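What follows is the residue order along each chain.
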Amino acid sequence: MSMVTDKPFLYGTHYSTPAYVLFYLVRTAPELMLKLQNGRFDKADRLFDSISDTWFNVFTNPSDVKELIPEFYQTHEFLTNKYCIDFGSKQNGEIVNDVKLPPWATSPEDFININLKALEGDYVSSNIHKWIDLIFGYKQTGEEALAADNLFYYLTYQRNFEENIYDSNYRQALETQRREFGQTPKQIFFEPHPEKKDFQVDLQKVEVFNNFSLKLTLESTIEKLHRKPISCIGLSSDSILTCSHDGSSKMLLIKDKSIQRCITPSQLALSSCCFDIGNILLGSWDNNIYYYSIQTAKCLDILRAHNDAVTSIIQYQELLFSASWDSTIKIWQKRNSGYFSVSVE
C-alpha cells in the first residue's frame, strides 16, 4: 500500500529514534548497535567521533535532526572507548577511538559538568518553554506547527495513526517504521507554556526563618542498592521497601540492612511503592501496578491501571490511590481477590 499523501510535512524521521540514541551510545551499548545494524558497526566515517563535527552536521544538514540525550548531562562514560572496541579507521586513516571534545572542555568529566551548568543556567531557563511548545505543546500540530517549521509525517502523530489505519498488515508495517524512525510524543499542553520567572527572595523572611532550625544527625547510609536511581521508598515497622528506575524493588530489614526480597516485575522503571499488610504494591512506567506477596515473592495481581506511566501510589486503609502521566487519579477498592477500580478522573 502506498504511503504517498498530500498532507505536507518537513521531516520524515524524528529527533529521537533508536538509531540516533545508539549513535551516541555506541561505546557503552555496542551490543545494541550490533543488533540494530545486523551484527556490524556502521562505517567509521559515520560513527560518533567528534562533538564539533556532530554539532556542525546537525546545524547544516536539514535531514539530521538529532537531539542530545540525557547522558550529555549525567555521565561521561559514553564519550570514552573503555571497552577498547575496534571501530575501524576513517577514509583519512584516522582511527575512531574516544570522542573528540571541544577545546573548552579539559576532560570528559569537565564536558559533562559544563553541559549541566549550561542546562541549569539563565539562558536555558528563559528559553526552555519554547522547546516545550515545540515538542509537547501547542506548536506540535496544526497551523502553529507549520509556522514554526515543526511538521512531521502525519501518521507519526498518535491521533492520526489511530484514526486512519484499519488494515492490520499496513498497521503492522507502520508500527515497524515508527519503531525505526520515531514518532511524535503525546501532546500534553495546548496553550503556550509559561516562561520561567525569576524567584525573588524576601530576605527579611529568610532571617526570621533562620532563627529556627531542625537538627538531624545522619545515622547510616545504605550504598549501591540499585543500578539506577531509586525513585521511591516505603516503610513498615521493621522494613524498608525501595523501587528503582532499573525496574526492580528490594525490601531490607531496618535493623541490619539485610536484603530480604528482590523483585523485578517490569523492564521499565518503577516509580512508586508501598506496603499493604503482608504484601507490597509497585507502580511502574509500563502503566501497571503490581501486587506481590512478601512471604512468597509471588505476583498476586497486575492492575492495568492507567493509559500512561504510573507516577505515584498511596495505600490508605482499604483504598489504593494511583496517579499517572495520563493526568488521572484512580481509586481502587480492596477486596478478597485484589483491588478493583472505583475511578475518579
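Note that this is a predicted model, so its numbers are computed, not measured.

Draft legend 1. Structural detail: the pattern of salt bridges. Under the counting rule described, the total for this entry stands at 7 salt bridges. Across the salt bridge formed by D64 and K66, the nearest N and O atoms sit 3.1 Å from each other. Side by side, D64 and K66 carry an identical accessibility label, which is buried. Among the ionic pairs, E94 bridges to K100, the shortest N-O distance being 2.5 Å. Residue classification places E94 among the partly exposed positions, given a relative accessible area of 28%. Take K100: its relative accessible area is 33%, and that puts it in the partly exposed class. When salt bridges with common partners are traced through the structure, they connect D49, K90, E94 and K100 into a single cluster.

Draft legend 2. Spotlight on the sheet that holds strand 2 (residues 239–244). Taken in spatial order, the 4 strands of this open sheet run 1-2-3-4, and their pairing is antiparallel. At either end of the open sheet lies a strand with only one pairing partner, and these are strand 1 (230–235) and strand 4 (259–263). On average, each strand axis in the sheet is tilted by 15 degrees relative to the strand beside it, whichever way the strands run.

Draft legend 3. Inspection of the packing of aromatic side chains at higher detail. In this structure the tally under the stated criterion is 16 aromatic pairs. For the pair F23 and F48, a centre-to-centre distance of 5.4 Å together with 45 degrees between the ring planes defines the contact as tilted. Here F48 lies in the loop between helix 2 (30–36) and helix 3 (51–60) and F23 lies in helix 1 (residues 18–25), a separation of 25 residues in the sequence. The buried category is assigned to F23, whose relative accessible area is 14%. Note on F48: relative accessible area 1%, which makes it buried. For the ring pair F48 and F78, a centre distance of 6.5 Å and an interplane angle of 15 degrees mean the geometry is stacked. Here the residue F48 occupies a position in the loop between helix 2 and helix 3, and F78 occupies one in the loop between helix 3 and helix 4 (108–119), the gap between them amounting to 30 residues.

Quick notes on the rules
- Residues numbered from 1 in each chain as written.
- Predicted model: local features only at pLDDT ≥ 70, side-chain atom pairs only at ≥ 80, totals over all residues.
- Heavy atoms only, no water.
- Salt bridge = Lys/Arg side-chain N within 4 Å of Asp/Glu carboxyl O.
- Buried < 20%, exposed > 50% of the residue type's maximum accessible area, 1.4 Å probe, protein only.
- Pairing = 2+ DSSP bridges.
- Helix = DSSP H or I, 4+ residues; strand = E, 2+ residues; numbered from the N terminus.
- Axes fitted to C-alpha atoms, helices over the stretch in contact; angles between N-to-C directions.
- Phe/Tyr/Trp six-rings, centres within 6.5 Å; stacked < 30°, edge-to-face > 60°.

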